[in-house]
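Residue-level structure breakdown
Listed below are the residues making up each chain.
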Amino acid sequence: MKYNQDHFDVLRKIEKKPETTQRKLAEELGFSLGKLNYCLKALKNKGFIKTQNFKKNPNKLNYFYVLTPKGITEKTKLTVNFMKRKMQEYDELKKELKVNKAPTYGFQGRLSNRFPSQVMVDMTEVCNLACIHCTHPEFKQSTVYGKRMLDPKLNKKMIKEVSTYGQGITKYIRYTSNGEPLVHPKSYEMIQDAVENSKTKVTLTTNGTLLNEKRMYKILKTGLHMIDISTDAFSNETYKKIRVGGNLDITRSNILKLIDLKKQANAKTKIIVSFVEQKENTHEVESFREYWQNKNVDQVLIRRLHTNSGSNVNDAVVENDSEENRRACLYPWERVILNARGKLAFCPTDWYAKSELCSYEKNSIYEVWKNNFYKDLRNQHLKCEFSNKFCKQCPDWKNTSWPFDKNKSYADLVEKVLYEEK
């Protein structure tokens, strides 16, 4: 290998500067004169170069070095081998750097092995809209759908667990739904119970369409810490395309009224408007942001569209993330879901009960969070080797952000709103 390298270096220099002295050539190559003579003789004997004295040059030690056709072919061959070797070295260095710089996934920052940092509560399977980026219209036609409402007794059990085991760990309870939470007839009482007894923050995600003035007062009266109103459009035309069955004029009016009532009541509830970016609305992102920032909401959130575990891939803004770059999904380390069926689940984007773990009535979040299933699931994600078919086929790992990532997750942004004073 070293022998070929020396010959390659000499041939390159001769091709660039044929009219040179042996001494200069040796200095440029970092060779001794003896080593250079050895190489020149070997190249000459192989017919790769020929030497001639300069014409009219009295110094007979100065030679004119010429690459022969055979030498040019050899130099080309050595160049190819040189490039292959350098490319291999580059790939090896790249792998080494990737290993050295690879982030360490697992429990860190807000993530705790003692209890989930976030508990999501799906209050109902019923929804009053049919949004195109949502799986609900298809879910509604499936055998899994049953118009279920979460049993308030399970909500109480969850609150007790969070207050007992989640103090300082569970950053917030998020009332959301595979439907519209405020459809649940006991939603206000369940939220108020959590605010008063969970010893953590409580948030609500809603489409805002049911928020008449009476319900707004009820929401503010609960002491809810944050309400996230999903709007997803700046123009009514776009809103009707995305949030089928809704009317932006009504939703926008509801939000503006809520802002006014909050001021009148001197309520501390933080108001967020959110926008899930997708093909139908990506052109309205900046208009949406500017409009609501001028209305003094506490935060404007622009979020990536999940595929809902691969069940809805048509409307996402496509990103080039190949399976080669696959990494651990955040969810098994961050949250647990209590769904409307009364089951505990590990994935918030699952609509068809494929991530359900067990009945909550007969088990506890505290025990489940530490059980062997969760340990094995996390290990599968760390190795990116999946026996869990649901996780294996899911493309939404790329839309989760870890605490150390530059792109902050929904949880990071919510915690900023909840815990940082203006």
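Data block above holds the structure.
Residues numbered from 1 in each chain as written. Predicted model: local features only at pLDDT ≥ 70, side-chain atom pairs only at ≥ 80, totals over all residues. Heavy atoms only, no water.

So, about the overall build of the protein. Scanning the protein from terminus to terminus reveals 16 helices and 12 strands. Sequence-distant contacts in the protein: of pairs separated by 6 or more residues, those separated by 24 or more amount to 72%. About 22100 Å² of surface is accessible on the protein, with carbon and sulfur atoms providing 49% of the total. (Helix = DSSP H or I, 4+ residues; strand = E, 2+ residues; numbered from the N terminus. Contact = heavy atoms within 4.5 Å. Areas by Shrake-Rupley, 256 points an atom, 1.4 Å probe, with all protein chains shown as cover.)

Glancing now at the packing of helix H7 (residues 187–197) against helix H8 (residues 213–222). Relative orientation of the contacting elements H7 and H8 amounts to 20°, with a least axis distance of 9 Å. Comparing the axis directions of H7 and H8 gives the class roughly parallel. For H7 against H8, the interelement crossing comes out right-handed. Along the contact surface, H7 presents Tyr188, Ile191, Gln192 and Val195, while H8 presents Arg215, Lys218, Ile219, Lys221 and Thr222. Here the residues of the contact of H7 with H8 are counted per class, giving 4 nonpolar, 2 polar and 3 charged. (Axes fitted to C-alpha atoms, helices over the stretch in contact; angles between N-to-C directions. Parallel < 35°, antiparallel > 145°, perpendicular 65-115°, else oblique. Left-handed = near helix turned anticlockwise from the far one by under 90°. Nonpolar A, V, L, I, M, F, W, Y, C, P; charged D, E, K, R; others polar.)

Turning next to the state of the cysteines. Formally, a disulfide is one covalent bond, and it connects the sulfur atom of one cysteine to the sulfur atom of another. Inspection of the entire model under this criterion finds 0 disulfides. Left unpaired, Cys391 is separated from the closest cysteine sulfur, that of Cys347, by 6.8 Å. We classify Cys391 as buried; its relative accessible area is 7%. (Disulfide = S-S within 2.5 Å. Buried < 20%, exposed > 50% of the residue type's maximum accessible area, 1.4 Å probe, protein only.)

In this structure, Val195 sits in helix H7. Between the C-alpha atom of Val195 and that of Gly223, which follows or precedes it by 28 residues, the distance is 6.4 Å. In this structure, Val195 is in contact with Val202, Thr222, Gly223, Leu224 and His225, ignoring residues within four places of it in sequence.

Looking now at unusual backbone geometry. Glycine aside, residues mostly have negative phi angles, and peptide bonds mostly take the trans form. Phi at Lys199 takes a positive value of approximately 65°, unusual for a residue other than glycine. You can see Lys199 is positioned in the loop between H7 and strand E6 (201–206). Taking relative accessible area as the criterion, Lys199 reaches 57% and is therefore assigned exposed. At Ala353, a residue that is not glycine, the phi angle is positive and equals roughly 65°. Mapping Ala353 onto the fold places it in the loop between strand E11 (343–345) and strand E12 (356–359).

Right, let's talk about the pairing of E6 for a bit. A large share of E6 lies buried, amounting to 5 of its 6 residues. Pairing of strand E5 (residues 172–176) with E6 involves 4 bridges; the strand directions are parallel. Within E6, the position partnered with Tyr175 by the bridge is Leu204. Taken together, E5, H7 and E6 form a β-α-β motif whose crossover is right-handed. Handedness of the β-α-β unit built from E6, H8 and strand E7 (residues 226–230) comes out right-handed. (Pairing = 2+ DSSP bridges. Right-handed = clockwise from strand over helix to strand, strands pointing away.)

Interaxial distance between H8 and helix H10 (residues 248–265) falls to 10 Å at its minimum, and their mutual angle equals 50°. On the basis of the axis angle, H8 is oblique to H10. Judged by the sense of rotation from one axis to the other, the crossing of H8 with H10 is right-handed. Listed contacts from H10 to Glu213, Met216, Tyr217 and Leu220 of H8 are Asn254, Lys257, Leu258, Leu261, Lys262 and Gln264. Split into classes, the residues belonging to the contact of H8 with H10 amount to 5 nonpolar, 2 polar and 3 charged.

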